[in-house]
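A structural walkthrough
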Amino acid sequence: KQDQYVLAIETSCDETAVAIVKNERELVANVVASQIESHKRFGGVVPEIASRHHIEQITLTLEAALGEAELEADEIDAIAVTEGPGLVGALLVGVNAAKALAFAKGKPLVGVHHIAGHIYANRLEKEFTFPVLSLVVSGGHTELILMNEHGSFEVIGETRDDAAGEAYDKVARTLKLPYPGGPHIDKLAAEGEDVLNFPRAWLEADSYDFSFSGLKSAVINKLHNAKQKGVTLKPEDVAASFQASVVDVLSTKAYRAAIDYGVKQIIVAGGVAANQGLRNALHEKFEGTDTELLIPPLHLCTDNAAMIAAAGAVAFKQGHRAGYDLNANPALSL
Ligand code: KG4
Ligand code: ZN
């Protein structure tokens, strides 16, 4: 048999997802069952509800993915699964489903780090040319990760407090926008102006680390003070000013790191990679440089299993195997 198929399961947060890749880079099935509607009224993901939905959806999602690829489970060569980081109860559903399938069908099992997945989503679009720098920006992560070869991840910068997406969601909540707030702020920001002069946390001159909690507090305080003084701030301007600060710091640090490490490609990954302001700023910064900018299409930016299959296929080729003692690890490091 020539072709190789890797099936992947992702249940780390609020999407039950199963995907199948052929020969590492060709996506043949990509099914995502989102639970966003169930969490919306709570203004965030409720872990217990997430786990219960994953249990309801996992078998159906698996069947849907095999159906989409027109494959039988016996034709799959390896089963990859997100082992962490994420919500432990949510991760456990995926890990147990993967173990059950691997055991029942006698297939090898591969554990995948969720962030490795976000990075590898890009390989479904374009082959990597090392060294590669990734700016991973999601609800739980803000990291600059250097890769000199497949499967090697060096974290050169990370957030010291809130993740970028988390800051987006918290500011959105203060503006009474629905959850998840990132896309709403992004849309509002396009209609407003950067006039509120929010701080930018550059930290030490040579640091690639990030900090967003000060910015978040500045926005909340500004809204609070305006309210007390009876002044109304235009939400469009609050969104535009907040976004300008986040985008300025993210794009400037990513650019500096790309130059310092002489990378061939820069990848933007995670839910916040969907941000139009960030996309525009990065395009501007990297245009005409020797660094190629890769940003996955929107459906591969937010959580999905295609990215886990892409990362899992490489780990599988490199010989990584998990045993039936594979466990969910909510604090797994890269
Ligand atoms: O990667 P992801 O789907 O899940 C995590 O692993 O966290 O990222 C979700 C995060 C949320 O915080 C959401 O508000 C943010 O990505 N997000 C955005 C945009 N779309 C999603 N943030 C800013 N602008 C967007 N357009
Ligand atoms: Zn994610």
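Under the annotation held in an unreviewed UniProt entry, the chain carries the name tRNA N6-adenosine threonylcarbamoyltransferase and is attributed to Halobacillus naozhouensis. Word for word, the UniProt comment on the chain under Catalytic activity (unreviewed entry) is "L-threonylcarbamoyladenylate + adenosine(37) in tRNA = N(6)-L-threonylcarbamoyladenosine(37) in tRNA + AMP + H(+)". Taken from UniProt, the Subcellular location (unreviewed entry) comment for the chain reads in full: "Cytoplasm".

Below, the discussion takes up the overall build of the chain. Along the backbone of the chain there are eleven helices and ten strands. Taking 334 residues into account, the globule formula puts the C-alpha radius of gyration at 20 Å, and the chain, at 20 Å, falls close to it. Projected onto its principal axes, the C-alpha coordinates of the chain cover approximately 70 × 45 × 30 Å. Each of the 334 residues in the chain was classed as buried or not, and the buried ones make up 50%. At a minimum sequence separation of 6, the contacts of the chain that also span at least 24 residues come to 75%.

The subject of this paragraph is helix H9 (residues 276-286). When we look at burial in H9, the residues that qualify are Gly-277, Leu-278, Ala-281 and Leu-282. Considered in projection along H9, the buried side chains sweep an arc of 125° and stay on one side of the axis. Exposed residues lying more than 90 degrees from the buried face of H9 are His-283 and Glu-284. Just past H9, the residue Gly-288 takes up positive phi, approximately 80°.

Before going further, it helps to examine the site of ligand 1. In the region of ligand 1, 19 residues are neighbours, and Ser-138, Gly-139, Gly-165, Gly-182 and Gly-271 sit closest. At the level of elements, helix H5 (164-174) and helix H6 (182-189) are the ones that each hand at least two residues to the shell around ligand 1. Tallied by class, the residues present in the shell around ligand 1 amount to six nonpolar, ten polar and three charged.

Before going further, it helps to spend a moment on the nonpolar core. With 106 residues, the main nonpolar core has Val-6, Ala-8, Ala-19, Ala-80, Ala-306 and Ala-309 as its most contacted residues. Considering every element that reaches this core, the biggest residue donor is helix H8 (residues 235-260), with twelve residues.

You can see Ala-102 is positioned in helix H3 (residues 88-105). The exposure class assigned to Ala-102 is buried, which follows from the 23 C-beta atoms found within 10 Å. Each C-alpha atom, one on Ala-102 and one on Ala-80, is 9.4 Å from the other, the two residues being 22 residues apart in sequence. In this structure Ala-102 touches Ile-79, Lys-107, Pro-108 and Leu-109, once residues within four positions along its chain are discounted.

What follows is about the sheet that holds strand S10 (residues 292-294). The sheet built from five strands is open, its strands ordered S8-S7-S6-S9-S10 with mixed pairing. At either margin of the open sheet sits one strand with a lone partner, and together these are strand S8 (154-158) and S10. Going from strand to strand, the sheet's axes swing by 20° on average, the running direction of each strand aside. Two strands pair when backbone bridges link them, and strand S6 (residues 132-137) and strand S7 (residues 142-147) are joined in this way by six bridges, in the antiparallel orientation. For Leu-135, the partnering residue across the bridge sits in S7 and is Leu-144.

Once that is clear, we can look at the packing of H5 against H6. For the pair H5 and H6, interaxial distance at closest approach is 8 Å and the crossing angle is 75°. Overall, the two elements H5 and H6 adopt an arrangement that is roughly perpendicular. Contacts between H5 and H6 involve Gly-165, Tyr-168, Asp-169, Val-171 and Ala-172 from the first element and Gly-182, His-184 and Ile-185 from the second. Within the contact of H5 with H6, the residues separate by chemical class into four nonpolar, three polar and one charged.

In this section: the UniProt feature "binding site: substrate" (unreviewed entry) in the chain. Here, UniProt's "binding site: substrate" (unreviewed entry) annotation points to Val-136, Val-137, Ser-138, Gly-139, Gly-140, Asp-169, Gly-182, Asp-186 and Asn-275. Positionally, Val-137 belongs in strand S6. Setting aside residues no more than four positions away along its own chain, Val-137 makes contact with Thr-142, Ala-164, Gly-165, Leu-250, Gly-270, Val-272 and Ala-273. Looking at where Asp-169 falls in the secondary structure, it is placed in helix H5. For Asp-169, a count of 23 C-beta atoms within 10 Å corresponds to the buried category. Dropping the residues within four chain positions of it, Asp-169 is found in contact with Gly-139, Tyr-179, Pro-180, Gly-181 and Gly-182.

What counts, and at which threshold
- Residues numbered from 1 in each chain as written.
- Chains lettered and ligands numbered in written order.
- Predicted model: local features only at pLDDT ≥ 70, side-chain atom pairs only at ≥ 80, totals over all residues.
- UniProt positions renumbered as here; feature names shortened; annotations may be inferred.
- Helix = DSSP H or I, 4+ residues; strand = E, 2+ residues; numbered from the N terminus.
- Rg over C-alpha atoms; globule rule 2.2 N^0.38 Å.
- Buried ≥ 20, exposed ≤ 12 C-beta atoms within 10 Å, placed from the backbone.
- Contact = placed C-beta atoms within 7 Å.
- Arc of directions from axis to C-beta.
- Near = placed C-beta within 6 Å.
- Nonpolar A, V, L, I, M, F, W, Y, C, P; charged D, E, K, R; others polar.
- Core = buried A, V, L, I, M, F, W, Y, C linked by C-beta atoms within 7 Å.
- Pairing = 2+ DSSP bridges.
- Axes fitted to C-alpha atoms, helices over the stretch in contact; angles between N-to-C directions.
- Parallel < 35°, antiparallel > 145°, perpendicular 65-115°, else oblique.

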